[in-house]
Amino acid sequence: MRSWSIPVGRLFGVDVRIHLTFFILPMFIFWTDYALRQNNATGPRDLAIVGILLACVGAHEFGHMLAARRIGLIPKAVILLPLTGVALYDESRAEKPQPTALLWGREIRLALIGPLVSLALACLAVAVVTASGRGIELWKWPFLQATNLPKSLVWANLWLAILNLIPAYPLDGGRILRALFSRTLDASAATRRAVSISNAIAMVLMIAGLFSDSWLTMVGVIVFSAAQLEERALVFQSVLENVRLEEVMLTDFATLSPADTLEDALEKAVHSLQDDFPVVRGVDMVGVISKQRILDALRAEGNGYVQAVMNKIFEVSLRQDSLGSAFRKLTARNSSIIPVVEDQRLIGIVTLQNLMHSMALLAETRKLRREESDS
Ligand SMILES: [Zn+2]
């Protein structure tokens, strides 16, 4: 999920990460600046331009996220790219699962917030520049210029507002396009169509940049990277909400009895791959216990009975429950096992360990299946 980005801090409870494309930007600006004025070294100011761009993208993204939060979508992290951001939502913190049918009107409003924020900031910067009376020629090329940071602030915001309206998903224009597709298609088909249009646009930009302004190539690369990130996050999300527990639960598992001694329990645990065990009396589920808990209890108090140290408060799930709901239960209780029951009878278990493995596996198989159906 997090490849190619590094964490830089938290803002409004959201982890902020910076994508590696942000680090090729200083080199790129330095190079265009250098070509422009050969004798003037502007190293630190080039970095200042990157800083300005980062702040502008950050403001743009937080515009989106604060609006999303107002309607109950709480992002866990955001990855900032030089043009846009990719928000990652937390499956354990979300109050309700993401709607499968996109509410297209709401999506469009959420998408428009970003360019509006950028536009407002650009106007604000223009006002400040004008009020300062320093005679800055706003309309004179080059627009992003290391030797003129206030002017760069105006244009960075203006470019963000304009470029984000390109219909290349996940830029805001592309999100609007996807929302329009979702009126007739289901969410994942709408996303796929938006992504393929986006990839085509990115390709055209990259090639056009080779023959004209190399910034176009840069924009193409950013759009392409952002689309990849966003698509991966969506596959993950759809696995979480669409896969039922019966598809991933372990049906061949060991159980313990409350009357087992801890030494017996440890002996059984040694011969099993499981780290967590359901404790069963007859056909009734009465508790859960982990290998670690057995060990700790043995060390602290010597031999005793499973009954005394097992965890009697635990959540159960049904076979039709989604992977996402199991995840939320596990993290909410800070436990590592969920018994799956049917008519109050234990039919399987889901552990954190096996959930992680099956998620990665399922995401891969879905991608494979989709690539087959696309070709
Ligand atoms: Zn945006």
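Further up the page is the structure itself.
Residues numbered from 1 in each chain as written. Predicted model: local features only at pLDDT ≥ 70, side-chain atom pairs only at ≥ 80, totals over all residues. Heavy atoms only, no water.

All right, on to the sheet that holds strand β1 (residues 5-11) then. Two pairing modes exist for strands in a sheet, parallel and antiparallel, and in both the strands are linked by backbone hydrogen bonds. In space, the four strands of this open sheet follow the order β1-β2-β3-β4, with mixed pairing throughout. Bordering the open sheet on either side are β1 and β4 (85-89), each of which pairs with just one other strand. Taken over all neighbouring pairs, the strand axes of this sheet differ in orientation by 25 degrees on average, direction set aside. Where β1 and strand β2 (residues 14-19) come together, six bridges link them in antiparallel fashion. If you follow Ile6 over to β2, its bridge partner there is Ile18. Packed on one face of the sheet, helix α7 (residues 214-242) meets β2, β3 (75-80) and β4 and runs near 10 degrees to β4. (Pairing = 2+ DSSP bridges. Helix = DSSP H or I, 4+ residues; strand = E, 2+ residues; numbered from the N terminus. Axes fitted to C-alpha atoms, helices over the stretch in contact; angles between N-to-C directions. Contact = heavy atoms within 4.5 Å.)

We now examine the pairing of β3. With five of its six residues buried, β3 lies for the most part within the structure. With four bridges joining them, β2 and β3 adopt parallel strand pairing. Across the sheet, the residue bridging to Asp15 is Ala77, located in β3. As paired elements, β3 and β4 share five bridges and run antiparallel to each other. What sits directly across from Ile79, in β4, is Val86. Linkage of β3 to β4, two consecutive antiparallel strands, is achieved through a turn of four residues. (Buried < 20%, exposed > 50% of the residue type's maximum accessible area, 1.4 Å probe, protein only.)

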